[in-house]
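# Structure assessment
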Amino acid sequence: ETVVREALERFPDSADLKRRQATVLLRQGGEENRRRALEIVQQLAGDQQAGSGADAFTLAGLYERQADWEAAERTLAGVAARSDANPGQLAAYVSRLLAQDAAKDAAVYLTRLERLAPNNLTTMRLKIRWLQAMDRDQEIPAAIDAYEQQLRRNRVANAQTEADIDGAIGVLQLQAGANAE
């Protein structure tokens, strides 16, 4: 922490150093350190120039750790609404919405996720959860088949083996079957 503090004295506007300081404080533990880290991340997330979706995503996680569910939800929704939201951030928000029985709200974010990460197993697992939540279980086999065909077409480019693809399809079929029972 001393090294980071000294660096911040020399470069007080460095967002990267502030992120490191927050990380160090969180690793040290304790209520005071957690509070200071939260303040740093709140400042970063609110900074229009230096702040990023990653800062806001981290902030949502910190709110969750403090059981401030409303602030976590509001912050995560803001991250997902950003045009630069990455697949991991969108997936986290879609998963949260599905867990809250808000499948209709999840649809727009799932569509964005499918565009950003179409060959991703997490994307497909969320799609299955969404289809189930929307009572569209009859569409699941076709969605899994389309996903498998897409994986097999892109297999060489993505350096996937047949076993990788078969494993992914097996996971999806198990998920679809387990949730149907």
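Every chain is numbered independently, its residues counted from 1 as its sequence is written. Reporting of local features is limited, given that this is a predicted model, to residues whose pLDDT is at least 70; pairs of side-chain atoms are given and counted only at 80 or more, and all residues count toward the totals for whole chains, interfaces and linings. Here the side-chain values reflect all heavy atoms present in the structure, with hydrogen atoms and water set aside.

## Notes on the packing of aromatic side chains
Operational definition: Here is the rule: rings of Phe, Tyr and Trp (six-membered ring for Trp) pair when centre to centre is within 6.5 Å. Planes less than 30 degrees apart are stacked, more than 60 are edge-to-face, and the remainder are tilted. Where helices and strands are cited, they refer to DSSP runs of H or I of at least four residues and of E of at least two residues respectively, numbered from the N terminus. Summary of the burial criterion: residues with accessible area below 20% of their type's maximum are buried, those above 50% are exposed, and those between are partly exposed, where the area comes from a 1.4 Å probe applied to protein chains only.
Tallied over the entire structure, the rule returns one aromatic pair. Between Tyr93 and Tyr109 the ring centres are 5.0 Å apart and the planes differ by 90°, which places this aromatic pair in the edge-to-face class. Placement of the pair is Tyr93 in helix H6 (residues 87-99) and Tyr109 in helix H7 (residues 103-116), with a sequence separation of 16 residues. Grouping residues by exposure puts Tyr93 and Tyr109 together as buried.

## Remarks on the pattern of salt bridges
Keep this limit in mind: The rule for a salt bridge is simple: a side-chain nitrogen of Lys or Arg has to be within 4 Å of a carboxyl oxygen of Asp or Glu.
Within the structure shown, the criterion is met by ten salt bridges. Arg35 is paired through a salt bridge with Glu39; the nearest N and O atoms lie 2.3 Å apart. Of the two residues, Arg35 and Glu39 both sit in helix H3 (residues 31-46), four residues apart, roughly one turn of that helix. Look at Arg35 and you get partly exposed, because its relative accessible area is 34%. The partly exposed category is assigned to Glu39, whose relative accessible area is 42%. One salt bridge connects Glu73 with Arg96, and the closest N-O pair in it is separated by 3.6 Å. Here Arg96 lies in helix H6 and Glu73 lies in helix H5 (residues 69-81), a separation of 23 residues in the sequence. A network of salt bridges, in which partner residues are shared, links Asp16, Arg19 and Asp55.

## A look at helix H9 (residues 140-153)
Filter applied, for reference: To estimate how far a helix should reach, multiply one less than its number of residues by 1.5 Å. Note that the arc is defined by the directions from the helix axis to the C-beta atoms.
Helix length check: H9, at 14 residues, gives a terminal C-alpha distance of 20 Å against a target of 20 Å (1.5 Å per residue), a fit within 8%. Along H9, the residues that are buried comprise Ile140, Ala143, Ile144, Tyr147 and Leu151. The buried side chains of H9 occupy one side of the element, clustering within an arc of 95° when seen end-on.

## Describing the confidence of the model for the protein chain
Our working rule: Note on scores: pLDDT gives the predictor's confidence for each residue, bounded by 0 and 100.
When pLDDT is averaged along the protein chain, the result is 83; 84% of the residues meet or exceed 70. Per-element confidence in the protein chain is highest for H7, whose mean pLDDT is 96, and lowest for helix H1 (residues 2-10), whose mean pLDDT is 63.

## Re the side chain of Asp55
Note the cut-off: Counted as a polar contact is a pair of N or O atoms within 3.5 Å, where, for protein atoms, one must be capable of donating a hydrogen and the other of accepting one, and residues adjacent in sequence contribute only when both atoms are in side chains.
Checked against the element boundaries, Asp55 lands in helix H4 (residues 53-65). Look at Asp55 and you get buried, because its relative accessible area is 5%. At 2.7 Å, the side chain of Asp55 and the side chain of Arg19 are in polar contact.

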